Amino acid sequence: MKSLKRAAYALAGLGISAVTLSGCSVSVEGKDYTSVQPAFNIEQFFDGDVKAWGIVQNRSGEVVQRFKVDIDGSIDGDTLTLDESFDYGVGEGPMSRTWKIVKQSDGTFVGNAGDIDGPAAGTSYGNAFNFHYQMDLPVDDTSYSVTFDDWFWAFDETTMMNRSYIRKFGIVMAEVTIFMQKQE
């Protein structure tokens, strides 16, 4: 009888753990956006000046960074270059970042930046665009190897929202929300 009770408690504990961990995961399916308009064209949107405003929230929902970004985008052949300059109102982080994003023959994109580990893989899905990459993220006096699941959604030709899910061991540790607007 005792072993039956122990087995029941163990199963209950596993069930609670599974429910708890599933609540820590976010899954966006790109195929759900393939027919949504307007289509997001990363090259057109970022060719020129873009202003952005964003926040980073930790697992508890606390805003740990609030920032503005000036993005100067340019296209040379099949390479989109994004020069980003950050200004922080809350928290701290990199002051600048330069992305080099190259369109591949199959329509996907490969991006690189100095603080990104290896290439970022980019795919368009109608009004959505997804970048997926690894990064050593500095936090206080240490650095954590994390995965970014970076989603962009177009509202129109000049307005876009970005949501990034920062994962460690598959669990969302922080979320980034950025509003971007192309400048005239």
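See the structure printed just above.
We now turn to the structure provided with this report. Just so you know, these numbers come straight off a predicted model, no measurement behind them.

Now for the layout of surface pockets. When its volume is computed, the largest pocket comes out at roughly 1,200 Å³. If you trace the largest pocket, you find 44 residues lining it, with V56, Q65, L137, F148 and I166 closest to the centre. The leading source of residues in the lining of the largest pocket is strand 7 (residues 128-139), at six residues. Of the residues contributing to the lining of the largest pocket, the split by class is 31 nonpolar, six polar and seven charged.

Inspection of the entire model under this criterion finds 19 aromatic pairs. With a centroid separation of 6.4 Å and 65 degrees between ring planes, the pair formed by F40 and F129 is classed as edge-to-face. Residue F40 is located in the loop between helix 1 (2-22) and helix 2 (42-46), and its partner F129 is located in strand 7; the two are separated by 89 residues in the primary sequence. On the basis of relative accessibility, which here comes to 0%, the residue F129 falls in the buried class. Here the aromatic rings of F129 and F131 are separated by 5.3 Å at their centres, their planes lie at 75 degrees, and the arrangement is edge-to-face. Each of the two residues, F129 as well as F131, counts as buried. Grouping aromatic residues by their ring pairs yields a cluster made of F40, F45, F46, W99, F109, F129, F131, Y133, F148 and F152. Sitting above the plane of the F169 ring, K168 keeps its charged end 4.8 Å from the centroid.

Time to look at the side chain of D150. Of note, D150 is situated in strand 8 (residues 142-154). The charged side chain of D150 is buried without a salt bridge, its nearest counter-charge being R97 at 7.9 Å.

Spatial strand order, 1-2-3-4-5-6-7-8-9-10: ten strands in a closed barrel with antiparallel pairing. Strand-to-strand, the axes of this sheet are offset by a mean angle of 25 degrees, without reference to chain direction. Both strand 3 (residues 79-90) and strand 4 (residues 96-103) contribute to a ladder of seven bridges, which runs antiparallel. In the strand pairing of strand 4, L82 is matched with W99.

Here is what the cut-offs are and how they apply
- Residues numbered from 1 in each chain as written.
- Predicted model: local features only at pLDDT ≥ 70, side-chain atom pairs only at ≥ 80, totals over all residues.
- Heavy atoms only, no water.
- 1 Å grid on protein atoms, 1.4 Å probe; cavity = no way out; pocket = protein on both sides within 12 Å on 5 of 7 lines; lining within 4 Å.
- Points joined across faces, edges and corners; volume = space filled by probe spheres on them.
- Helix = DSSP H or I, 4+ residues; strand = E, 2+ residues; numbered from the N terminus.
- Nonpolar A, V, L, I, M, F, W, Y, C, P; charged D, E, K, R; others polar.
- Phe/Tyr/Trp six-rings, centres within 6.5 Å; stacked < 30°, edge-to-face > 60°.
- Buried < 20%, exposed > 50% of the residue type's maximum accessible area, 1.4 Å probe, protein only.
- Lys NZ or Arg CZ within 6 Å of the ring centre and 35° of its normal.
- Lys, Arg positive; Asp, Glu negative; His and termini not counted.
- Salt bridge = Lys/Arg side-chain N within 4 Å of Asp/Glu carboxyl O.
- Pairing = 2+ DSSP bridges.
- Axes fitted to C-alpha atoms, helices over the stretch in contact; angles between N-to-C directions.

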